[in-house]
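Here are the chains, one letter per residue:
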Amino acid sequence: MSEPWVKMVTAQTPTNIAVIKYWGKRDETLILPVNDSISITLDPAHLCTTTTVAVSPSFVQDRMWLNGKEISLSGGRYQNCLREIRARACDIEDKERGIKISKKDWEKLHVHIASYNNFPTAAGLASSAAGFACLVFALAKLMNAKEDNSELSAIARQGSGSACRSLFGGFVKWNMGKVEDGSDSLAIQVVDEKHWHDLVIIIAVDLQTIHSFAISWRNNSFFCDKLEIRGQRCIVSSREKETSSTTGMHETVETSLLLQHRAKEIVPKRIVQMEMSIKNRDFASFAHLTCADSNQFHAVCLDTCPPIFYMNDTSHRIISCVEKWNRSEGTPQVAYTFDAGPNAVLIAHNRKAAAQLLQKLLFYFPPNSDTQLNSYVLGDKSILKDAGIEDLKDVEALPPPSEIKDAARYKGDVSYFICTRPGRGPVLLSDESQALLSPETGLPK
Ligand code: DP6
């Protein structure tokens, strides 16, 4: 290893949205949850993290760049992931380039990590999930670790709980596990992304979120906020205070009796029902469970002392729109779910329901007059076409949904919509042009 070579791997990992929520830890260091959870992996074409990891004898310390800016790796969560992966490193040999690293060399060698999210303006969309999953997956491949994705998920879990579910595509279950060392607290795939491929997911990104993002981005704490602000409340918006999920769930565990009831009595039954409705593609049952679980998660937040409010007026308006529509149809067309923020994640039964949903959403939340439709509906734009909407004139001309009496419109209250679908799990990117680090220097390109 006398030559100054650089060996690299680049991976892409999706984000996920929980339909049965993880909220509350029984062990805060190992990140062990108080209940099982289930999520849908979102199509990485629209929401994902790309990470390049590199090793070289010329590197003097472990370093990481997030969206081009160097960040500290000193936080406990990064250190735990790095330590666990290093412990599983195996020999590698690149005969062509004359590179040989033995298992014990990995303890002395340093790594460079560069990570990039393809959804830079959509804070609150589980960026830490895709981020830690991608970090662990890419390092495992670089270091030739033999563990399967479930075993890797138990390491990603130690970066951020929800990250463990991003190691698979389709629908994914995080088993809370029983043992003290957390080795059985890992993710498994329920079904792959092809199983229920006609589902369409529309995310309404809230204006307030964008504002928060601008601040956390400036402080370079995006997705590392998991590390920097533990135990404190942080200001993420100039208008009001918000609570990170880590801090929020800590306070819930400390103070909410409703959480204990949820974890012990409600979630175990819901998990069984949810798995069944996914396997049977039973949308009515799926929608009922998804909405109920999101609402109970927010009820548990309200039951926390001091209470935590993640949803805002726009979130409540979207819930009301979906509830009224589902009721008027007699059978659910759309399910809604909200994480630790105001963004609505709406899951439509099929393309027809998604097109109708988009019409309703654009009726209630038309873009500001200076916004192009093209930058207002992102992701899979073919849903716009199905909805018969080509330009802002079509949005203006949308009729009020027949199931409502109050036809008020809330122009500009949503920043944009992302149309997406269930997606695949992590992949390696073999095309070197997609690497975020230079193959010569191992520094960001
Ligand atoms: C509301 O995984 O962000 O999104 O484990 O402390 O990093 P830490 O929390 P995080 O919590 C996610 C909570 C949630 C629900 C879910 O994804 O299941």
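Residues numbered from 1 in each chain as written. Predicted model: local features only at pLDDT ≥ 70, side-chain atom pairs only at ≥ 80, totals over all residues.

*Asks:* It is not clear to me how the overall build of the protein should be interpreted in this structure. Could you clarify?
*Replies:* A tally of helices and strands in the protein yields twelve helices and 19 strands. Counting only residues that meet the buried cut, the protein has 51% of its 445 residues in that class. Considering only residue pairs separated by 6 or more positions, the protein has 75% of its internal contacts joining residues 24 or more positions apart. (Helix = DSSP H or I, 4+ residues; strand = E, 2+ residues; numbered from the N terminus. Buried ≥ 20, exposed ≤ 12 C-beta atoms within 10 Å, placed from the backbone. Contact = placed C-beta atoms within 7 Å.)

*Asks:* What is the right way to look at the environment of F363 in this model?
*Replies:* In this structure, F363 sits in helix α10 (residues 351-364). As for F363 and A407, which are separated by 44 residues in sequence, their C-alpha atoms are 8.8 Å apart.

*Asks:* Quick question: what am I supposed to make of the packing of helix α7 (residues 257-279) against helix α8 (residues 283-302) here?
*Replies:* Pairs of packed helices are described in terms of their axes, by the angle between the two and the distance that separates them. Between α7 and α8, the shortest axis-to-axis distance is 10 Å and the interhelical angle comes to 160°. When the interaxial angle is binned, α7 and α8 end up roughly antiparallel. Of the two elements, α7 crosses α8, and the hand of that crossing is left-handed. Contact with α7, carried on its side by L258, L259, R262, I266, R270, Q273, M274, S277 and I278, involves S285, F286, L289, D293, Q296, A299 and V300 of α8 and no other residues of that element. (Axes fitted to C-alpha atoms, helices over the stretch in contact; angles between N-to-C directions. Parallel < 35°, antiparallel > 145°, perpendicular 65-115°, else oblique. Left-handed = near helix turned anticlockwise from the far one by under 90°.)

*Asks:* Any chance you could explain the site of the ligand here in plain terms?
*Replies:* With respect to spatial proximity, 15 residues lie near the ligand, and among them A18, Y22, S160, G161 and S162 are the closest. Partitioning the shell around the ligand into residue classes produces five nonpolar, seven polar and three charged. (Near = placed C-beta within 6 Å. Nonpolar A, V, L, I, M, F, W, Y, C, P; charged D, E, K, R; others polar.)

*Asks:* Mind showing me how you'd approach the environment of M8 here?
*Replies:* Take M8: it is sitting in strand β1 (residues 7-14). Through-space distance from the C-alpha of M8 to that of V19 is 35 Å; in sequence the pair is eleven residues apart. Dropping the residues within four chain positions of it, M8 is found in contact with T52, V53, A54, A435, L437 and P439.

*Asks:* Before we go on, may I ask you to explain the sheet that holds strand β18 (residues 414-420) in this structure?
*Replies:* Within a sheet, neighbouring strands are paired by backbone hydrogen bonds and run either parallel or antiparallel to one another. Spatially, the five strands line up as an open sheet ordered β15-β16-β14-β18-β17, and their pairing is mixed. In this open sheet, the two strands that pair with only one neighbour each are β15 (334-337) and β17 (377-379). Strand-to-strand twist of the sheet, defined as the mean angle between neighbouring strand axes without regard to direction, takes the value 25°. Pairing geometry for β17 and β18, over three bridges, is parallel. Paired with L378 across the two strands is I418, which belongs to β18. (Pairing = 2+ DSSP bridges.)

*Asks:* In this structure, what is going on with helix α6 (residues 245-255)? I would like to understand it.
*Replies:* In an α-helix, one turn spans 3.6 residues; hence positions three or four apart end up facing the same way. Every buried residue of α6 is accounted for by S245, T246, G248, M249 and T252. Each buried residue of α6 lies within a common arc of 165° when the element is viewed along its axis, so the set occupies one face. (Arc of directions from axis to C-beta.)

*Asks:* Looking at this model, I keep getting lost on the sheet that holds strand β2 (residues 16-20). Mind explaining?
*Replies:* A sheet is described by the order of its strands in space; here four strands give the open sequence β2-β5-β12-β13, paired in antiparallel fashion. Pairing within the sheet leaves two strands with one partner each, and these edge strands are β2 and β13 (187-191). Recorded for the sheet is a direction-independent mean angle of 35° between the axes of neighbouring strands. Sheet topology note: the strand β5 (residues 37-41)/strand β12 (residues 171-174) ladder contains four bridges and is antiparallel. Within the sheet, the bridge partner assigned to S37 lies in β12 and is W174.

*Asks:* In this structure, what is going on with the pairing of β1? I would like to understand it.
*Replies:* Every regular strand shows the same layout, with side chains that alternate between the two sheet faces. Counting buried positions over the eight residues of β1 gives seven, a clear majority of the element. Bridge count between β1 and strand β6 (residues 48-56): eight bridges; the pairing is antiparallel. Its bridge partner being in β6, K7 is matched across the sheet by V55. The pairing of β1 with strand β19 (residues 427-428) spans two bridges and is classified as antiparallel. Its bridge partner being in β19, Q12 is matched across the sheet by V427.

*Asks:* Any chance you could explain the pairing of strand β16 (residues 344-348) here in plain terms?
*Replies:* Most of β16 sits out of view: five of its five residues are buried. What you see with β16 is no split at all: A344, L346 and A348 on one side and V345 and I347 on the other are buried throughout. Looking at chain direction, strand β14 (residues 200-206) and β16 are connected through five bridges and run antiparallel. Pairing of A204 across the sheet is with A344, part of β16. Here β15 pairs with β16 via four bridges, running antiparallel. Residue Y336 lies in a different strand from β16, and its bridge partner there is L346. Between β15 and β16, which follow one another and run antiparallel, lie six residues.

*Asks:* Would you explain the environment of L139 in this entry?
*Replies:* Relative to the assigned elements, L139 resides in helix α2 (residues 127-142). Measuring from C-alpha to C-alpha, the distance between L139 and C81 comes to 9.5 Å, with 58 residues separating the pair along the chain. Those residues in contact with L139 that lie beyond four places of it in its chain are V53, I85 and V111.

*Asks:* I tried to follow the confidence of the model for the protein on my own but got confused; where do I start?
*Replies:* Any region with low pLDDT has predicted coordinates that should not be read closely. Looking at the protein as a whole, the pLDDT averages 90, with 89% of positions reaching at least 70. Here the complex is predicted with pTM 0.93, and the ipTM for its interfaces comes to 0.99. (pLDDT = per-residue confidence, 0-100.)

*Asks:* Please clarify how unusual backbone geometry should be interpreted in this entry.
*Replies:* Glycine aside, a negative phi is what most residues show, and trans is what most peptide bonds show. Look at the link from C305 to P306: it is a cis peptide, with omega at -5°. Residue position: P306 is located in the loop between α8 and α9 (313-329). Non-glycine residue N144 carries a positive phi angle of around 55°. For N144, the position within the fold is in the loop between α2 and α3 (149-156).

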